[in-house]
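Okay, here's what each chain looks like letter by letter:
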Amino acid sequence: MDEYITSIDLGTSKVCVIISEIDQTGQLQIIGVGVCPCEGIKKGVVVDIESTSRAILYALEQAENMANVEVNTAYVNIPGGYSKVIRNKGIIAVSGEDKEIDSDDVKRVLNSAAILSLPQDQQIIDIIPTQYIIDGYDEIKDPVGMVGIRLEADVDIVIGSTTTILNTVKSANEVGMEVLGIIPEPFAASESVSNRDERGLGVLIIDIGAGTSDFSVFKNDKLIYNDLVPIAGNHITNDISVGLRISFNESEKIKRKFGIAYTPLASDEKMLKVNPIGIDEKINISEVQLSKIIEARLGEIFEIINEELIKNDLKEEILTGVVLTGGGVGYFPGSKELAKEIFNLPVRIGKPKFIGIDEPIYSSGAGLISYSLERKFNYYIECNDVEVKKSKSKKNSGNSITSFFRRIWDEYF
Ligand SMILES: Nc1ncnc2c1ncn2[C@@H]1O[C@H](COP(=O)(O)OP(=O)(O)OP(=O)(O)O)[C@@H](O)[C@H]1O
Ligand SMILES: [Mg+2]
């Protein structure tokens, strides 16, 4: 087990590796960061293992060089749309003669809560106890040492698409990284951009990346709803490219440099030059023209999310407001104003608070680290192929990694 905590954020536009450690004062410090563009991930899902693992390797080496350490284990994310939370309950009779609850009883009750019939393409990736109940007394956080006859556990069981999980783990294993935990995006992002008070009172978190816009509602510090819209930053760039008849690359550049998400903030006197395809000379377009394109697409994403919230009676659950994060929304001036108009709720931009990665594109990667610390994973994913560990140079050696892994609940099973 590493003394460092490492995350691998598999995003549509980039793979990001972050290495952290707990310093002598008990504070989490980021010691290495590496980023590499990646073509092997579409809408947040690994579709090409080879190019994804190549990008992981590159980002990993950058992060390791910066930190001057070597790491072998990591936490990775999967998009919210490929995971789901199911509520379940476990009940057992306390076994000891003195009826004092011990950790074996806790394992057994969680074990009994994990008995579910799942579709073949789904598997459990985490079990989160939300409360224990002893002989009818509820809201118990840690039952060990208490006395009772009947122990119940309310749990959130996180399940995910088996294919997505296998491909994700395999991509990391290919470069010798063992996956300690798979964390759905909403849990990761929320951990780095919101606080417990917000999640307690009710908050909507929207993470707009390059390929997907994940959104999640937290209430009473629990995820109560999450989904994704398969439209994000790449679509905005594409709209600019089509609208102005310029290349994707040029669109990306002007989007980043001049993009404004709310037209009233743009000027129709400020002009910028673009080079339409097939025309020799540059032409002028106004800031407003560019802003209209961005506003239309971002507004569409917000509208879809808002309708979904209304349809599911979730608007009244969101007492604190909206947190916007992810590179697809977090950099535009005006994105707060646009969101405020559509959701009719207070809006802020969320970014991780760690020095060196306090940018919206790092929300997921930073959140993976915070979440794994907070949750203190008491199980691990055993990949049968982790013998490639430490052999990072083997990235293209064609190791026969079967990635048939099973989940060991070292505490529960
Ligand atoms: N300065 C900027 N201004 C506007 N947009 C930006 C800026 N920097 C990055 N982006 C956009 O952010 C998006 C990438 O964001 P992010 O890194 O959060 O996505 P990702 O994690 O790779 O993708 P996903 O989460 O959808 O799988 C791209 O569409 C990019 O164009
Ligand atoms: Mg992302």
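Residues numbered from 1 in each chain as written. Chains lettered and ligands numbered in written order. Predicted model: local features only at pLDDT ≥ 70, side-chain atom pairs only at ≥ 80, totals over all residues. Heavy atoms only, no water.

As annotated in an unreviewed UniProt entry, the protein chain is Cell division protein FtsA from Anaerosalibacter bizertensis. Note on the protein chain: under the UniProt heading Subunit (unreviewed entry), the record states "Self-interacts. Interacts with FtsZ." The protein chain has a UniProt comment under Subcellular location (unreviewed entry) that states "Cell membrane". (UniProt positions renumbered as here; feature names shortened; annotations may be inferred.)

### Topic: the overall build of the protein chain
Counting its secondary structure elements, the protein chain contains 11 helices and 20 strands. The C-alpha atoms of the protein chain give 23 Å as radius of gyration, which agrees with the globular expectation for 413 residues (22 Å, within 12%). Overall, the C-alpha framework of the protein chain stretches about 85 × 55 × 45 Å when taken along its three principal axes. Expressed as a percentage of the 413 residues in the protein chain, the buried residues total 57%. With the model as given, the accessible surface of the protein chain reaches about 18700 Å², and the carbon-plus-sulfur share is 49%. The positive charge centre, built from 43 side chains, and the negative charge centre, built from 62, are 4 Å apart in the protein chain. (Helix = DSSP H or I, 4+ residues; strand = E, 2+ residues; numbered from the N terminus. Rg over C-alpha atoms; globule rule 2.2 N^0.38 Å. Buried < 20%, exposed > 50% of the residue type's maximum accessible area, 1.4 Å probe, protein only. Areas by Shrake-Rupley, 256 points an atom, 1.4 Å probe, with all protein chains shown as cover. Lys, Arg positive; Asp, Glu negative; His and termini not counted. Charge placed at Lys NZ, Arg CZ, Asp CG, Glu CD.)

### Remarks on the site of ligand 1
Around ligand 1 sit 20 residues, and of these Thr12, Ser13, Gly211, Glu252 and Lys255 come closest. Side-chain polar atom of lysine 255 to an oxygen atom of ligand 1: 2.7 Å apart, as the coordinates give it. Contact with the protein chains hides 92% of the accessible area of ligand 1, taken as 660 Å² for the molecule alone. Within the residue set of the shell around ligand 1, elements represented by two or more residues are helix H6 (233–244), helix H7 (248–258) and helix H9 (327–330). Here the element with the most residues in the shell around ligand 1 is H7; it accounts for 3 residues. Considered class by class, the residues forming the shell around ligand 1 number 4 nonpolar, 12 polar and 4 charged. (Near = heavy atom within 4 Å. Polar contact = N/O pair within 3.5 Å; in protein donor to acceptor, adjacent residues only side chain to side chain. Nonpolar A, V, L, I, M, F, W, Y, C, P; charged D, E, K, R; others polar.)

### Remarks on the UniProt feature "domain: SHS2" (unreviewed entry) in the protein chain
As recorded in UniProt, the sites labelled "domain: SHS2" (unreviewed entry) are residues 5–193. Counting secondary structure, residues 5–193 comes out at 27% helix and 43% strand; the distance between its end C-alpha atoms is 19 Å.

### Section: the pattern of salt bridges
Any two side chains of opposite charge can pair if their charged atoms end up close together. Summed over the entire model, instances satisfying the criterion amount to 19 salt bridges. Here glutamate 50 ties to arginine 54 by a salt bridge, and the two come within 3.3 Å at their closest N and O atoms. Separated by 4 residues within a single helix, glutamate 50 and arginine 54 lie in helix H1 (residues 49–67), roughly one turn from each other. With a relative accessible area of 38%, arginine 54 lands in the partly exposed category. (Salt bridge = Lys/Arg side-chain N within 4 Å of Asp/Glu carboxyl O.)

### Some details on helix H8 (residues 287–311)
In a regular helix each residue adds 1.5 Å, so 25 residues correspond to 36 Å; H8 covers 35 Å between its end C-alpha atoms and thus fits that length. Count one or two residues on from H8 and you reach aspartate 313, which has phi positive near 50°. (Expected span 1.5 Å × (residues − 1).)

### Structural notes on the sheet that holds strand S6 (residues 73–78)
In a beta sheet, neighbouring strands are held together by backbone hydrogen bonds and run either parallel or antiparallel to one another. If you walk across this open sheet you meet the 5 strands as S3-S2-S1-S6-S11, and the pairing is mixed. Of all the strands in the sheet, the pair left with one neighbour each is strand S3 (28–37) and strand S11 (178–184). The mean inter-strand angle of the sheet, taken between neighbouring strand axes irrespective of direction, is 20°. The sheet contact formed by S6 and S11 spans 6 bridges and is parallel. Residue pairing for S11: asparagine 77 is matched across the bridge by isoleucine 183. Lying over the sheet, helix H3 (residues 162–173) contacts strand S1 (5–10), S6 and S11, oriented at roughly 140° with respect to S11. (Pairing = 2+ DSSP bridges. Axes fitted to C-alpha atoms, helices over the stretch in contact; angles between N-to-C directions. Contact = heavy atoms within 4.5 Å.)

### A look at the confidence of the model for the protein chain
On average, residues of the protein chain score 89 in pLDDT, and 90% of them reach the 70 mark or higher. Every residue in residues 378–384 scores below 50 in pLDDT, and together they form 30 contacts with partners more than four places removed in sequence or on other chains. The low-confidence segment residues 393–413, where pLDDT is below 50, has 53 contacts with residues more than four positions distant or belonging to other chains. (pLDDT = per-residue confidence, 0-100.)

### Observations regarding empty space enclosed by the protein
Going through the model one piece at a time under the given rule, you end up with 1 cavity of 30 Å³ or more. Surrounding the largest cavity, Glu185, Pro186, Ala189, Ile205, Asp207, Asp214, Phe215 and Ser216 form its lining. (1 Å grid on protein atoms, 1.4 Å probe; cavity = no way out; pocket = protein on both sides within 12 Å on 5 of 7 lines; lining within 4 Å. Points joined across faces, edges and corners; volume = space filled by probe spheres on them.)

### Regarding the side chain of glutamate 152
Position of glutamate 152 among the secondary structure elements: in strand S10 (residues 150–161). The buried category is assigned to glutamate 152, whose relative accessible area is 7%. Here the side chain of glutamate 152 touches lysine 89 through a polar contact of 3.5 Å, side chain to side chain. Contact partners of glutamate 152, with chain neighbours within four places excluded, come to Lys89, Gly90, Ile91, Val109, Gln131, Tyr132 and Ile133.

### Brief notes about the nonpolar core
Counting residues in hydrophobic clusters, the biggest one holds 58 residues, and the most contacted among them are Ile8, Val15, Ile19, Ile182, Phe187 and Ile357. The dominant element in this core, judged by the number of residues it contributes, is H1, at 8 residues. The next biggest cluster of nonpolar side chains, apart from the first, holds 39 residues, and it includes Ile206, Ala232, Ile254 and Ile293. (Core = buried A, V, L, I, M, F, W, Y, C linked by side-chain atoms within 4.5 Å.)

### Let's talk about the sheet that holds strand S17 (residues 321–325)
Spatial strand order, S14-S13-S12-S17-S18: 5 strands in an open sheet with mixed pairing. A strand with exactly one partner marks an edge of an open sheet, and here the two such strands are strand S14 (222–229) and strand S18 (347–349). Taken pair by pair, the neighbouring strands of this sheet meet at an average axis angle of 20°, ignoring direction. Judged from the 5 bridges that link them, strand S12 (residues 203–208) and S17 form a sheet pairing that is parallel. When the bridges of S17 are listed, valine 203 appears paired with glycine 321. Set on the sheet, H8 makes contact with S12, strand S13 (213–219), S14 and S17; between it and S12 the angle comes to about 145°.

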